[in-house]
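# Chains, contacts and geometry: an overview
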Amino acid sequence: MIQFDKETLKKRIEETMMRRFGCTPEEATGIQFYRTVCLMLRELLSDMHSAYRTENKKKLAKQVYYMSMEFLTGPSLYNHAYNLTLLESLTEALSDFHISFDELCRMEPDAGLGNGGLGRLAACYLDALTTIGVPATGFSIRYEFGIFRQKIVDDWQMEFPDNWLELGDVWLEPRKEDAVQIHFGGRVSENWENGKNTVTYHDSSTVVAIPYDMLISGYGTEAVNRLVLWSASSDDRLDMDLFSRGEYVRAMEENSKAEAISKVLYPADDHYQGKELRLKQQYLLVSASLQSIIKDFFKKTDDIAKLPELVAIHINDTHPSLCVPELMRILMDDHGLSWEDAWSLTTKTLTYTNHTIMSEALEVWPVSLFSTLLPRMYQIVCEIDRRFLIFLREQYGDDVAKINYMKIIEGDRVKMANLCLACCHKVNGVSSLHTQILKEDVFRDFHQVMPGKFLNVTNGIAYRRWLCQANPELTRFLCELIGDDFLKDANYLADLKKYKDDTEVLDTLQKIKLKNKLRLVSYIKEHNGILVDPASLFDVQVKRLHEYKRQLLNALHILYLYHDLLNNPNQDFQPRTFIFGAKASAGYVMAKQIIRFIHHIAAEVNANPITRDKLKVIFMEDYRVSLAELIIPAADISEQISVAGKEASGTGNMKLMINGAVTLGTLDGANVEIRQAVGDENIFLFGMTADRVLARLREGYDPGQVIEKDDTVRRAIEYMKQGVGGADFSELVHALTRHGGDTYMTLADFTDYHRAQKAVDSAFADHARFNRMSLCNIAGAGIFSSDRSVLEYCENIWNVKSTTK
C-alpha cells in the first residue's frame, strides 16, 4: 500500500485545491475543502486503478462483470480513507488547516443508487472483490434523483427528489468518448447473405448511454475496481426547426424522454408509462453494459471463442435478465456468429442469482409492451422459447402443466426468471433455506432436469464498514482482546468467544453499547424532538417496508403492550424504545398505511404520561446507509420477523449481529444460519417454520379462526379496531381479518411473538446473560463476511482468481 504522511497529504491538498479551484486553504470554503479532499482521493484511486488494469491485461486475467439495478454504496469519503489506511494522517493534515475530517464526512450525501438489501449486497460484493484482488466491474444506472427522499407529512409518507449528485458527483468521472447507442421501438428486418445476418432498425428511437466511473477501493490492497453508471440522453439534443418556430418545449421533447430513463430508481409502475420506463431502464443497463464488455474483450483478444475464459457476467436478480437475448444479439448481429455458437458462448458466460420467491418480483412483462418496445429482443426470446420447448417436451412429454410453468413465453407474459433459468449455467440462492425452497418448490421442475445448475451462496456483508467504520470503539476493544487479524479475515472473530464468561469484558461491551446508544439518542432528540432513555432496551427493525417483512406484526404488538400498560400501569415492565426505519415504494399503498399506523402509535404512546417513561416508539425518517451506520451499533434487539419462507436471506440481520444485537426472529432466510452460528441460547426464535406455513395455507388458513380461539390475538385486533389517536385503520384491520386475508400470517404468529418478547425482557433484565448473548453474536458473525461469499462465487460459479499477492 502507498503510504502518505501528514505533510505529504497537506501538500497534495494544497496542490489539488489550487488546480481545481484556484484558491489556497486559507481562502477555501467548506464545500471547496470537501471537494478538494474527495478529488485528491479520487485521483489517487485513479492512478491505482490504471496500474491494476494494466497488470490484469498483461495477465489476460478473467474479469467479473456484476449487473445490478441497484448499488447502494452509501457515502464514500470515510470508506476510501479507511480502506487506504489514511484516516489518521488525513485527519491530522486537515486539522492543521482548522478543518474537521468528520465535518467533511457529514457533508457527503448518500449515493442514491439503491433502495435496500439488493443494492447494499451488490455494493458489499464489489468492495469484497476488490479487497481480495479479483478484477471486477459493477454496472448500474446513474439515477439523477435516486430512489427518493422520504418525508412524513401528516403521518403519511411523501416522496421528494433526492438530489444526491449536487455533492455526490465528485466521485464520478464521465467517459463521453465511450458512449453507446441503444435502440427502442420501431421494427427490425433481417437479411441473410453468405451465412451472415444483417439486422436493420426502422423507425426506432435512439438513446445515447454515457458511462460514469465510480472507483471502488478495497481494504489494505493495491487493487481498485470500478462501478460504471450509465446516464441516458438523446442522440438528437435539439430540433432546431421546432426551436426556430418558437416551439421550445417540443424541440427538447426527445431529449427529455431519453433523460427520463435515468432520472429515478424504480418509477411507480402501476400504470403503462411506468412499466414502459422500467423496461427501458433495464434494457439501457443491459445493452450499454454488454456493448462495453464486448468492446473491452476485443482489446485483449480477437478470438470470440475465449469469451467464457475471460469474462463472467453475473445477473443480480431478474432486473438485468435481458442480458440473455442482448448478448445473443451482439454475438449474432454484430459479430456474425451462428445461433448455436452464440448460444453456447452465452450459456457459458452468464450466471444468475435469484433473490426472492415472491412472484411479483420475478419480472413478468406483457408481450404487447415487450414486443413493441424491444422488437429485436422479442424475436430472440421467441426463438429461445421455441428451442427450450423442444427440450421440455423431450423431458416431460405431454405434461402441459409443467411445460406451461417452465416456458418463457406463456400467453401474453414474458417470464424473465425462466429466461435466466433456461440459459445461465449456474443459478444460486442466497441462504440455505432459500436455495432449498428454490430446488424443492419454486423451481423444482427446473432443478429436476438441470440438477447441476443450482447451488447456494449465503449472503455476506462488508463487515469492515458495518463494524470497523460504524463502530470504531468496539473495533478497538476487539483488537485489544483478540488482535487485529480479524480486520483481514472475519473468521478470527470466533476468538472472542473465550471471553464469554469474563465479567470485565462483558461490562466493557455494555459500556461501549451505551456510548453508541447515547449517540443515537442525541440524533433522535435533534431530528424527532423526542427524549429517549439510553438505558431502555433498543428494539430495532430497519429494512424496506413490505408486508412480508411484517413491520405490522411489530406495530400491532406495540399497540397491545401499550393497552396492557394502560390497563395495568404498575406492572413490572422492561422500558423499551422501538425504533423503525423503512421506505415504502411510491405506489405501495398498503405499506404506506403501515407507516401511518406506526406514526399514530408513536404519537399516542410518546405523549401519554402513563406510558412514555416505559415505552417509546421512534420512526427514523429517510432511512439510508449513513443513518443505518448510526442506528445499528446502538441496537440491543434485531427484529427479523418475516413470515418463514419469504425472506431470501437478509443482510441487516448480519450487520446488527456483528454489532452485538441479539436476533429476535423466525426461522427464515439467513436467520437459520445465524441460529447455527450462535446456538439456540443466543437467539430468540418464534413462529411457524416454512414447512408449517405451507401446510397451514394448504389446509385453508382462516385468520377468523385464530381470532376466535386466541384471546391475545382477539384483544390486539380489538385495540386496532378502536383506532389510534383518533385515526381509523379499518383497511388494515380488514386486510388482517377478512376470509382469505392475513396473507403473511401476522395473526397466526402473534401470540408466539408475544411469548418471545417476554423472553427478551427476561434476558435483558439479567445484564450478564444479555451481554454474554451479545458477545456470542459478535463472535459468531465471521461466517457472514462478504469476503467469504465472493470467494464462494469465484470458486463455484465464476471460476476466477485473485490477481494480487
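Below, the structure is looked at part by part. From a predicted model like this one, the values you see are computed outputs, not experimental measurements. Within each chain, residues carry numbers counting from 1 in the order of the written sequence. Thresholds applied to this predicted model are a pLDDT of at least 70 for local features of residues and 80 or more for the giving and counting of side-chain atom pairs; totals over whole chains, interfaces and linings are not thresholded and use all residues. Derived side-chain values reflect all non-hydrogen atoms in the structure, with water molecules and hydrogen atoms excluded from consideration.

Turning to a nonpolar patch on the surface, a few remarks are in order. A cluster of nonpolar residues, Val153, Met158 and Phe160, forms a patch on the protein surface that exposes about 230 Å² of accessible area. Only DSSP runs of H or I reaching four residues or more are called helices, and only runs of E reaching two or more are called strands; each is numbered from the N terminus. Checked against the element boundaries, Val153 lands in strand 3 (residues 149–153). Each patch is built from residues that are more than 30% exposed by relative accessible area and take part in no salt bridge. Like charges join if they lie within 9 Å; nonpolar side chains (Val, Leu, Ile, Met, Phe, Trp, Tyr) join within 5 Å. Note on areas: Shrake-Rupley with a 1.4 Å probe; residue coverage comes only from the protein chains shown. Just to be clear on terms, a salt bridge is a Lys or Arg side-chain nitrogen sitting within 4 Å of an Asp or Glu carboxyl oxygen.

Turning our eyes to something else, we now look at the side chain of Thr577. Along the chain, Thr577 turns up in strand 19 (residues 576–581). On the basis of relative accessibility, which here comes to 1%, the residue Thr577 falls in the buried class. Residues adjacent in sequence count toward polar contacts only when both atoms are side-chain atoms; beyond that, a polar contact is any pair of N or O atoms within 3.5 Å, and within protein one must be able to donate a hydrogen and the other to accept it. There is a polar contact of 2.8 Å between the side chain of Thr577 and the side chain of Ser536. Residue burial is assigned from relative accessible area. The probe radius is 1.4 Å, only protein chains are included, and a residue is buried under 20% of its type maximum, exposed over 50%, and partly exposed in between.

Scanning the model with the defined rule gives 50 salt bridges in all. Put simply, Arg755 and Asp752 hold a salt bridge, and the shortest N to O gap is 2.5 Å. Note that Arg755 and Asp752 are positioned in helix 33 (residues 746–765) at a spacing of three residues, about one turn of the helix. Given the relative accessible area of 28%, Asp752 is considered partly exposed. Residues participating in the shared-partner salt-bridge network are Arg175, Asp178, Asp213, Arg226 and Lys295.

One less than the number of residues in a helix, times 1.5 Å, gives the span that helix is expected to have. In this model helix 11 (residues 272–297) runs 37 Å from its N-terminal to its C-terminal C-alpha over 26 residues, within 8% of the 38 Å that 1.5 Å per residue would give. Burial within helix 11 is extensive, with 20 of its 26 residues counted as buried.

This next bit is on the packing of helix 22 (residues 472–482) against helix 23 (residues 503–528). For every element, the axis is a line fit to its C-alpha atoms; helices are fit only across the contacting stretch, and the angle between N-to-C directions ranges from 0 to 180 degrees. Interhelical geometry of helix 22 versus helix 23 gives an angle of 160 degrees and a closest axis separation of 10 Å. With respect to helix 23, the element helix 22 is oriented roughly antiparallel. Here the hand of the crossing between helix 22 and helix 23 comes out right-handed. Touching Glu473, Leu474, Phe477 and Leu481 of helix 22 are Val505, Thr508, Leu509, Ile512 and Lys515, all from helix 23. Three classes are used, and their members are as follows: Ala, Val, Leu, Ile, Met, Phe, Trp, Tyr, Cys and Pro are nonpolar, Asp, Glu, Lys and Arg are charged, and the others, Gly among them, are polar. Here the contact of helix 22 with helix 23 is composed, by residue class, of six nonpolar, one polar and two charged. Here is the rule for angles: anything less than 35 degrees is roughly parallel, anything more than 145 is roughly antiparallel, 65 through 115 is roughly perpendicular, and the remaining ranges are oblique. Crossing handedness: left-handed means the near helix sits turned counterclockwise from the far one by under a right angle, and right-handed means the same turn made clockwise. Contacts are assigned to residue pairs with any non-hydrogen atoms lying within 4.5 Å of each other.

On to helix 32 (residues 730–737), then. Here helix 32 has its buried residues at Leu732, Val733 and Leu736. The buried side chains of helix 32 occupy one side of the element, clustering within an arc of 100 degrees when seen end-on. As used here, the arc belongs to the directions running from the helix axis to the C-beta atoms.

It is the contact of helix 1 (residues 6–21) with helix 2 (residues 30–59), at a shortest axis distance of 9 Å, that shows an interaxial angle of 110 degrees. Taken together, the axes of helix 1 and helix 2 lie roughly perpendicular to each other. Residues Leu9, Arg12, Ile13, Thr16, Met17, Arg19, Arg20 and Phe21 of helix 1 form the contact with helix 2, whose own contacting residues are Gln32, Phe33, Arg35, Thr36, Leu39, Met40, Arg42, Glu43 and Leu44. Of the residues contributing to the contact of helix 1 with helix 2, the split by class is eight nonpolar, three polar and six charged.

Right, let's get into the state of the cysteines. Put plainly, two cysteines are in a disulfide when a covalent bond ties their sulfur atoms together. Cysteine sulfur atoms are paired as a disulfide whenever they come within 2.5 Å of each other. Evaluated as defined, the whole model comprises zero disulfides. Cys468 supplies the cysteine sulfur nearest to Cys479, a cysteine that is in no disulfide, at a spacing of 7.2 Å. Residue Cys479 is classed as partly exposed on the basis of its relative accessible area, which comes to 26%. Unpaired in terms of disulfides, Cys794 finds its nearest cysteine sulfur in Cys124, a separation of 15 Å. The exposure class assigned to Cys794 is buried, which follows from its relative accessible area of 4%.

All right, on to a negative patch on the surface then. In this tally, Lys and Arg are treated as positive and Asp and Glu as negative; His is ignored, and so are the chain termini. Every charge is mapped to an atom, namely NZ of Lys, CZ of Arg, CG of Asp or CD of Glu. Side chains of Asp484, Asp485, Asp489 and Asp495 sit close together on the surface and give a patch of like negative charge. Along the chain, the position of Asp484 falls in the loop between helix 22 and helix 23.

Further remarks concern the packing of aromatic side chains. A pair of aromatic rings is counted whenever rings of Phe, Tyr or Trp (Trp by its six-membered ring) have centres within 6.5 Å, and the orientation is called stacked for planes under 30 degrees apart, edge-to-face for over 60 and tilted otherwise. Under the defined criterion, the tally for this structure stands at 21 aromatic pairs. Judged by centre distance (6.4 Å) and plane angle (85 degrees), the ring pair of Tyr66 and Trp798 falls under edge-to-face. Remark: Trp798 occurs in helix 35 (residues 786–798) and Tyr66 occurs in strand 1 (residues 63–67); sequence separation between them is 732 residues. Classification of Tyr66 by relative accessible area gives buried; the value is 3%. Residue classification places Trp798 among the buried positions, given a relative accessible area of 1%. On the numbers, 5.5 Å between centres and 65 degrees between planes, the contact of Tyr125 with Tyr793 is edge-to-face.

Below, the discussion takes up the sheet that holds strand 20 (residues 615–620). At least two bridges found by DSSP between two strands is the condition for calling them paired. As summarised here, the arrangement of the six strands in space is 20-19-18-21-22-23, forming an open sheet in which the pairing is parallel. Taken across any chain shown, the strands that pair with only one partner, and hence form the sheet edges, are strand 20 and strand 23 (684–685). Alignment of strand 22 (residues 662–665) against strand 23, held across two bridges, turns out to be parallel. From the neighbouring strand, Leu664 faces strand 23, where its bridge partner is Phe684. Docked against the sheet, helix 25 (residues 589–607) engages strand 19 and strand 20, running at close to 140 degrees with respect to strand 20. Contacts between helix 34 (residues 767–779) and the sheet are confined to strand 21 (637–640), strand 22 and strand 23, with strand 22 contributing the most and set at about 90 degrees to the helix.

Turning our attention to the environment of Trp171. Looking at the secondary structure, you find Trp171 in the loop between helix 7 (165–168) and strand 5 (172–174). Residue classification places Trp171 among the buried residues on the basis of a relative accessible area of 5%. Separated by 459 residues in sequence, Trp171 and Leu630 have C-alpha atoms that sit 23 Å apart. At 2.9 Å, the side chain of Trp171 and the side chain of Glu108 are in polar contact.

On to the sheet that holds strand 15 (residues 413–415). One open sheet accounts for three strands, arranged 13-15-14; its pairing is antiparallel. On the outer flanks of this sheet lie strand 13 (364–366) and strand 14 (409–410), each paired with one strand and no other. Here strand 13 pairs with strand 15 via three bridges, running antiparallel. When the bridges of strand 15 are listed, Pro366 appears paired with Arg413. Contacts from helix 18 (residues 416–423) reach strand 13 and strand 15, with the element oriented near 45 degrees to strand 15.

Note that every value here comes from positions in space, so none of it alone points to a role or purpose.
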